[in-house]
Amino acid sequence: MSKKSKAGSSRAPEEERAPAPALKRKRGIFTKDLRPMLYGFGDVPNPLPETVELVEELVVDYVTDMMYKAAEGCQTRGRLTHQDLVFSVRKDHRKYSRCVELLDMHEELKRARKNFDFDEAQFKDNE
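What you see is a predicted model; the values in this text were computed from it and never measured.

**Student:** Would you take a moment to explain the pattern of salt bridges for this structure?
**Tutor:** Any two side chains of opposite charge can pair, so long as their charged atoms come close to each other. What the rule picks out here adds up to three salt bridges. With a closest N to O distance of 3.6 Å, K95 and D92 form a salt bridge. Residue K95 is classed as partly exposed on the basis of its relative accessible area, which comes to 35%. The partner of R98 in a salt bridge is E101, with the nearest N and O atoms 3.5 Å apart. Taken together, the positions of R98 and E101, both in helix α5 (residues 93-126) and three residues apart, correspond to about one turn of that helix. Using a relative accessible area of 44% as the deciding quantity, one classes R98 as partly exposed.

Okay, structure coming up:
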């Protein structure tokens, strides 16, 4: 790396490390989901394929970055959990609140499914 690029860089020292190896990924995996989302946020019913590709690339890059940030905190355990993701967004109140809300809803749905399965099994036994 030249001195000019290093001196003029706005990146923090921890961000100057070598980039992670590029992983091959399928293109268009979120296209089916992104089209209605774009429409819901005010785009036309059938957005341009270039628009969908760009938004997909942005989403994948964002999620990948979030995973890397969360993985930095769990290097000693060697395992990534949902708590690592919550910890990585703890300073952003909106993201943190949304994560907690979604995790609470997930737990509520698990309890409801468990109760439903239990009631259904009891009903079959009584017949």
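Structure shown, so let's carry the discussion forward.
**Student:** What should I look at first to understand the environment of R90 in this one?
**Tutor:** With respect to the secondary-structure elements, R90 resides in the loop between α4 (82-88) and α5. Within polar-contact distance, the side chain of R90 engages the backbone oxygen of F87 at 2.7 Å.

**Student:** Would you mind showing me how to read helix α2 (residues 31-40) here?
**Tutor:** Residues that lie three or four places apart on an α-helix share one face, since the helix turns once every 3.6 residues. For α2, every residue scored as buried is listed here: T31, L34 and L38. Burial along α2 is one-sided: seen end-on, the buried residues are contained in an arc of 60°. Exposed side of α2, more than 90 degrees from the buried face: K32, P36 and G40 are the residues found there. Its buried side turned inward, α2 meets α3 (49-73). Directly after α2, the chain includes G42, whose backbone phi takes a positive value near 110°.

Conventions and cut-offs
- Residues numbered from 1 in each chain as written.
- Predicted model: local features only at pLDDT ≥ 70, side-chain atom pairs only at ≥ 80, totals over all residues.
- Heavy atoms only, no water.
- Salt bridge = Lys/Arg side-chain N within 4 Å of Asp/Glu carboxyl O.
- Buried < 20%, exposed > 50% of the residue type's maximum accessible area, 1.4 Å probe, protein only.
- Helix = DSSP H or I, 4+ residues; strand = E, 2+ residues; numbered from the N terminus.
- Polar contact = N/O pair within 3.5 Å; in protein donor to acceptor, adjacent residues only side chain to side chain.
- Arc of directions from axis to C-beta.
- Contact = heavy atoms within 4.5 Å.

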